Amino acid sequence: MATINLMLKLCGYAFKGYDFSVVVTRAGKILEAELDFTQESKNAERCQMEMRKHFGDEVTCPSVRWDYTTSRVMVTDFIHGVKVSDEEGLAKMRIQKSWAMEIYIAAFAYQLFNTGFVHADPHPGNVFVHRNPVTHKPQLVILDHGLYVELSDKKRVKLANLWCAIVERDDERLIEICKSMNVANYNLLASVFLQYPYKNFSTFQATATSGDLELMRYQAREEMHNVTEILDLMPPEYALVLRNLVTVRATNKEVGNPVCRTALLYKYAIRDSTLPFYRVWWSLARLHYQEWMSDLQMAYLKWWRPEMFEVVDDMLKIG
């Protein structure tokens, strides 16, 4: 840990705004826990239990063999499968990549906003897909449970409120949440969570124009020191929450964004937000309507102008 901190400080000295040592220091205990296989085994069992409550047999984890597990060795059942991003492997098993991405995004959205027990390293190498040997139905398998972060109910609900405010473009509520974290630049904070310029964000359509790309380059070049300040002000757990969000977004993008990630996350976030009951149901109804209209428009375009559909389909969804 000391070596990592030293290298990050040197990086920050050479490149203004890129000193992330404060993040590593604040999350040090969480990172050190990854080296304890007894704790990882407990994390795996808890994850499996919580996933089964919500997803049934659609999501699972390899069972731990406690007779052979110690703090230095972890033994589990072997489950054969392919990476959640392996399009060729999914096709061979006749599993739609849209199903794989939807259940993948939903599983980690459920952790982020509903349980608060969050896997912080959900890259494709840690998430497999196979067919359940008993039911022969598609099943998501979550591996490597060493790096977890547990959010208190207060921090989990704040995260849900934050995501809802971002997706709804509710600047007034977003500013209020940012103030509670002593963050002044709500626009930049929203961009950090979205990994996309908040000014140009739309839930279902976000065409990456040259202006969008230039804004992203500007934020990376000129505002990185502000980003590190925001990370320092946020609860330390949110650094690993961001790791989860960024990884899932990248995986969805890798396979062509078959699922609107921001909207699916919103469905889980709004359930545990502090919005009034009527507002929750109205927002969900509006979201389903917008999704239906978007699908209808794309289906019509595919029938009417197939060549234009291919171009538009590549441009839509930020993932």
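The model shown is predicted, which means the values in this text are computed figures rather than measured ones. (Residues numbered from 1 in each chain as written. Predicted model: local features only at pLDDT ≥ 70, side-chain atom pairs only at ≥ 80, totals over all residues. Heavy atoms only, no water.)

Some points on the packing of helix α7 (residues 153-167) against helix α12 (residues 237-254)
- It is at 12 Å that the axes of α7 and α12 come closest, and there the two elements cross at 45 degrees. When the axes of α7 and α12 are compared, the pair comes out oblique. Viewed along their axes, α7 and α12 form a crossing whose handedness is right-handed. Of the residues in α12, those touching α7 at Lys155, Lys158, Leu159 and Trp163 are Glu237, Tyr238, Val241 and Leu245.
- Class assignment of the residues belonging to the contact of α7 with α12 gives a composition of five nonpolar, no polar and three charged. (Axes fitted to C-alpha atoms, helices over the stretch in contact; angles between N-to-C directions. Helix = DSSP H or I, 4+ residues; strand = E, 2+ residues; numbered from the N terminus. Parallel < 35°, antiparallel > 145°, perpendicular 65-115°, else oblique. Left-handed = near helix turned anticlockwise from the far one by under 90°. Contact = heavy atoms within 4.5 Å. Nonpolar A, V, L, I, M, F, W, Y, C, P; charged D, E, K, R; others polar.)

Points about the packing of α7 against helix α8 (residues 171-180)
- Across the interface, α7 lies against α8 with an axial gap of 9 Å and an inter-helix angle of 145 degrees. Here the hand of the crossing between α7 and α8 comes out left-handed. In this structure, α7 contributes Lys158, Asn161, Leu162, Cys164, Ala165 and Ile166 to the contact, and α8 contributes Arg173, Leu174, Ile177 and Ser180.
- Looking at the contact of α7 with α8, its residues break down into six nonpolar, two polar and two charged.

Comments concerning the pairing of strand β4 (residues 127-131)
- In the sheet, strand β2 (residues 82-83) pairs with β4 via two bridges, with the strands oriented antiparallel. Across the sheet, Val82 pairs through a bridge with Val129, a residue of β4.
- Sheet topology note: the β4/strand β5 (residues 138-142) ladder contains five bridges and is antiparallel. Of the residues in β5, the one forming a bridge with Val127 is Ile142. (Pairing = 2+ DSSP bridges.)

Concerning the side chain of Ser273
- Inspection of the secondary structure puts Ser273 in the loop between α13 (261-269) and α14 (277-304).
- Polar side-chain contacts of Ser273 include one of 3.0 Å to the backbone oxygen of Ile270. (Polar contact = N/O pair within 3.5 Å; in protein donor to acceptor, adjacent residues only side chain to side chain.)

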